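Single-letter residue listing:
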Amino acid sequence: MLEKESLKLLFEALEELELGFQGMPEFNSPCQLDAIRTVLLAVATRMQDNFPYPHPLYVGQMLKPPHPMARLAYMLSMWINPNNHALDGGRASTFMEKEAVKEIAQMFGWETHLGHLCGGGTIANLEALWVAGKVKPGLKIVASQQSHYTHERICGVLGLPFAAVKSDRFGRMDVNALETMLQAGDIGTVVVTMGTTATGAVDPLPAILELRSHYDFRIHADAAYGGYFTLVNNLADATRTAFNCLSKVDSLVIDPHKHGLQPYGCGCVIFSDPTVGAFYQHECPFTYFTSDELHLGEISLECSRPGAAAVALWATQRLLPYTRDGEFATELSKSRTAALTLQQKIQADGRFVIPFAPELDILVWTPRAKSASIASQLAKDIFTEAAKKNLHLAIAHLPIEYFIDAHPEIEPDQDHLTCLRSCLIKPEHLDWVEDIWQILQQVNNQILTPKLLKLLTPDS
């Protein structure tokens, strides 16, 4: 199950790496192999206590295995262990990071930009909102109710006012609600989510850009999850149009450690206006001394950062360029196709309610029942029983309003529904949809018996 053949290439690459340091006096670090072996095998045993994240039957959280290229390049760089805070600590990997970030920026149509890698989407969003607070001091940051919870938390850390904008029944930002809030004149930045964590919903960026022509505010795009979908060719028209507008935002974040095939943590923040780098200016008398070029530590809030992440990303981009007709985009499009295929199977069953079609590769659904509380309990039961058959789903709590149109007869005895959620993030999921569905059907038939449904459905 775990790919091991590629490890043979690591030894060859280490020999090549070592050639770059010829002429240095010989030095070998002590290596107690027997002791290391004992502990490493203990680590392997402890790590067995995990869900099978790499396997296609795992469709729960947003966990995508790194590409073998990324794993190998990351491991290779660890023999150097560069620190990309300054050229002094990560010379080669610094230039690789700049090249890698440039390719991400070009993916969104930006030739001029300022950006860098960071620990993940949370830190990337923190930096973007920190700059937003500098550009629009004292004004509110707003994001939809379905945006990631860290936006509100980040604003608390930064001391910036925050407000949530109502979401529509598709889990997207409600543009009318946003305009009502904008009329107060106290909003400085609107966070547009390009793929929410719960459902993969994409906020209506074109309409929000239209509002910007009437109101003075910045737009920050949280594309941590969905950003790479800008490359695929099988999005719905409205979603495609939203992604085509990303070149017009002021800043964006994307997580290469999600759909970018990288190990955790590898996030990225990019600004369309390089002059915001002035907010980062600082002096350090002991760090930036080997080069007059811009050091990455001079345009980031984080100090020490792993050069290995940049090396892995750079290598993966060389192998799989970001082109709309290339292998990377083709593999990513399979994830959305898998979500649409599973949607069709669930809809055809008749025992479930899907509130809306997946915009990316996340699908949510819940059993048909008399009330929200009953449907929620049935979803939890299916989740538990599916895991016993090695099919690992996730659950999400969504507002009851999302289901009124698709299931108008349901009794809203609580304000939310617990739903089943599948994140079909791996391209292999497309080949495994039938296996996933067969296991689901076994569980569905076990839990949703005809007798039970007669008692619990609204028609009884």
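Residues numbered from 1 in each chain as written. Predicted model: local features only at pLDDT ≥ 70, side-chain atom pairs only at ≥ 80, totals over all residues. Heavy atoms only, no water.

1. Quick word on the packing of aromatic side chains
Alright, step 1. Counting across every chain of the model gives 9 aromatic pairs.
Alright, step 2. Where Phe51 meets Tyr53, the ring centres are 6.3 Å apart and the plane angle is 70 degrees; that geometry is what we call edge-to-face.
Alright, step 3. Judged by its relative accessible area of 28%, Tyr53 falls in the partly exposed class.
Alright, step 4. Cluster of aromatic residues (ring-pair linked, three or more members): Phe51, Tyr53 and Tyr58.
Alright, step 5. Taking NZ or CZ as reference, Arg318 lies 4.7 Å from the ring centre of Trp314, over its face. (Phe/Tyr/Trp six-rings, centres within 6.5 Å; stacked < 30°, edge-to-face > 60°. Buried < 20%, exposed > 50% of the residue type's maximum accessible area, 1.4 Å probe, protein only. Lys NZ or Arg CZ within 6 Å of the ring centre and 35° of its normal.)

2. As for helix 13 (residues 429–447)
Alright, step 1. Within helix 13, the axis deviates most sharply at Asp435, by approximately 30 degrees.
Alright, step 2. Those residues of helix 13 not exposed but buried are His429, Val433, Ile436, Trp437, Ile439, Leu440, Gln441, Val443, Asn444 and Ile447. (Bend = angle between axes of the 7 residues up to and from the residue. Helix = DSSP H or I, 4+ residues; strand = E, 2+ residues; numbered from the N terminus.)

3. Brief notes about the domain arrangement of the protein
Alright, step 1. Parsing the protein into structural domains produces domain 1 (76–319) and domain 2 (327–455).
Alright, step 2. Centre-to-centre separation of domain 1 and domain 2, based on C-alpha positions: 31 Å.
Alright, step 3. Between domain 1 and domain 2, the contact holds 31 residues from the first and 21 residues from the second.
Alright, step 4. Contact with domain 2 buries area across many residues of domain 1, yet Arg169, Thr199 and Asn234 alone supply 28% of it, more than any other trio.
Alright, step 5. Summed over the shared surface of domain 1 and domain 2, the result is 2 salt bridges.
Alright, step 6. Note that Arg172 and Glu359 form a salt bridge whose closest N and O atoms lie 3.0 Å from each other.
Alright, step 7. Counting the contacts that link domain 1 with domain 2 gives 11 residue pairs in polar contact (both at pLDDT 80 or more). (Domains from an automatic or database assignment. Contact = heavy atoms within 4.5 Å. Buried area = accessible area lost by both parts, 1.4 Å probe. Salt bridge = Lys/Arg side-chain N within 4 Å of Asp/Glu carboxyl O. Polar contact = N/O pair within 3.5 Å; in protein donor to acceptor, adjacent residues only side chain to side chain.)

4. Topic: the sheet that holds strand 11 (residues 416–423)
Think of a sheet as strands paired side by side through backbone hydrogen bonds, with each pair either parallel or antiparallel.
Alright, step 1. If you walk across this open sheet you meet the 4 strands as 8-9-11-10, and the pairing is antiparallel. A strand with exactly one partner marks an edge of an open sheet, and here the two such strands are strand 8 (352–353) and strand 10 (394–399).
Alright, step 2. Bridge count for strand 9 (residues 362–367) against strand 11 is 4 bridges, and the pairing is antiparallel. Each residue of the ladder has a partner; that of Trp365, found in strand 11, is Leu420.
Alright, step 3. Packed on one face of the sheet, helix 11 (residues 327–349) meets strand 8, strand 9 and strand 11 and runs near 15 degrees to strand 9. (Pairing = 2+ DSSP bridges. Axes fitted to C-alpha atoms, helices over the stretch in contact; angles between N-to-C directions.)

5. Considerations on a nonpolar patch on the surface
Alright, step 1. On the surface, a nonpolar cluster with roughly 590 Å² of combined accessible area is contributed by Leu33, Ile36, Val39, Leu40, Val43 and Met47.
Alright, step 2. Relative to the assigned elements, Val39 resides in helix 2 (residues 33–47). (Patch = residues over 30% accessible without salt bridge, like charges linked within 9 Å, V, L, I, M, F, W, Y side chains within 5 Å. Areas by Shrake-Rupley, 256 points an atom, 1.4 Å probe, with all protein chains shown as cover.)

6. Describing the layout of surface pockets
Alright, step 1. The calculated volume of the largest pocket comes to roughly 1700 Å³.
Alright, step 2. Leu2, Pro54, Pro65, Pro66 and Arg71 are, among the 42 residues lining the largest pocket, the residues nearest its centre.
Alright, step 3. For the lining of the largest pocket, the elements supplying multiple residues, two or more each, are helix 2, helix 3 (68–77) and helix 11.
Alright, step 4. With 5 residues, the single largest contributor to the lining of the largest pocket is helix 3.
Alright, step 5. Here the residues of the lining of the largest pocket sort into 27 nonpolar, 7 polar and 8 charged.
Alright, step 6. Mapping the lining of the largest pocket onto the domain boundaries places at least three of its residues in each of domain 1 (76–319) and domain 2 (327–455). (1 Å grid on protein atoms, 1.4 Å probe; cavity = no way out; pocket = protein on both sides within 12 Å on 5 of 7 lines; lining within 4 Å. Points joined across faces, edges and corners; volume = space filled by probe spheres on them. Nonpolar A, V, L, I, M, F, W, Y, C, P; charged D, E, K, R; others polar.)

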